[in-house]
Amino acid sequence: MSKMKIYSGAYVILNPGSVVWVTAGDGMSDGVFTVTWNMPVRKEPAMVAIECSQNHHTYQFIRKTGEFAINVPEAKMVNAVLGCGRVSGKTGVDKFEKFGLTRDKAEKIKAPLIREAFANLECRVSQVIDMGSSALLLAQVVSTQVDEAHFVDGKLSFDNGLELLHHLTGDQFCISSKVLVGKV
Ligand SMILES: Cc1cc2nc3c(=O)[nH]c(=O)nc-3n(C[C@H](O)[C@H](O)[C@H](O)COP(=O)(O)O)c2cc1C
């Protein structure tokens, strides 16, 4: 796939509410975990929010660097999405290797990007809301790249077979792959 950098409209990628992979790392070690609870919270400059258990292996890297990446999978990656959410890096397993994910270097942050994701949003944490066992992380999007086959004229395009993955509960997911245009 060929990815292009986009300079505005990162929120458009997260608007459908796909389940995502969040990656973080300090340059020597890294982690990846699956996140259902993510959302855009501001258009420009783009900001996002994710919910993260403070117990996750990957959270130590987010805390240390103040950075993470949101990597948006296509539906065909469902097993790797579930796997990264069921196995912890605390076990010593390299989840990238185990679930067939390739690390790409980010432009502005230390976290690795996932090559197989159709979009990658590089984020810097601006606020941490401590919720006890978990935290709500508000972050600025500092760089965004997206598969040019699936992002046309500033919009997600399903014309080239894009299927987005949404988490229902447990091991259940559903897919979206069609645009409906509302009329008033
Ligand atoms: C489908 C799915 C969605 C998940 N969503 C979240 C989430 O929104 N926030 C969160 O903190 N953990 C979420 N989890 C749990 C973590 O992904 C999981 O505990 C993971 O193994 C943590 O990895 P780590 O310890 O290597 O960082 C989800 C798990 C699954 C299977």
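Going by the structure above, here's the rest.
Residues numbered from 1 in each chain as written. Predicted model: local features only at pLDDT ≥ 70, side-chain atom pairs only at ≥ 80, totals over all residues.

We now examine the pairing of strand E4 (residues 38–42). Note that E4 and strand E5 (residues 47–53) share four bridges and pair antiparallel. Directly across from Arg 42, in E5, lies its bridge partner Met 47. Where E4 folds back onto E5 in an antiparallel hairpin, the turn is made up of four residues. (Pairing = 2+ DSSP bridges. Helix = DSSP H or I, 4+ residues; strand = E, 2+ residues; numbered from the N terminus.)

Okay, the site of the ligand next. Taken together, 22 residues form the shell around the ligand, and within it His 57, Thr 58, Gly 85, Ser 88 and Gly 89 come nearest. Every element with two or more residues in the shell around the ligand is listed here: strand E3 (30–35), E5 and helix H3 (78–86). Here the shell around the ligand gets four residues from one element, more than from any other, and that element is E3. Of the residues belonging to the shell around the ligand, the class tally is seven nonpolar, 12 polar and three charged. (Near = placed C-beta within 6 Å. Nonpolar A, V, L, I, M, F, W, Y, C, P; charged D, E, K, R; others polar.)

This next bit is on H3. For H3, the full list of buried residues reads Ala 80, Val 81 and Cys 84. For H3, the angular spread of the buried residues around the axis is 105 degrees, confining them to a single face. Exposed side chains of H3 directed beyond 90 degrees from the buried face belong to Asn 79 and Arg 86. Looking at the buried residues of H3, the elements they touch are strand E2 (20–25), E3, helix H4 (95–98) and strand E13 (164–169). (Buried ≥ 20, exposed ≤ 12 C-beta atoms within 10 Å, placed from the backbone. Arc of directions from axis to C-beta. Contact = placed C-beta atoms within 7 Å.)

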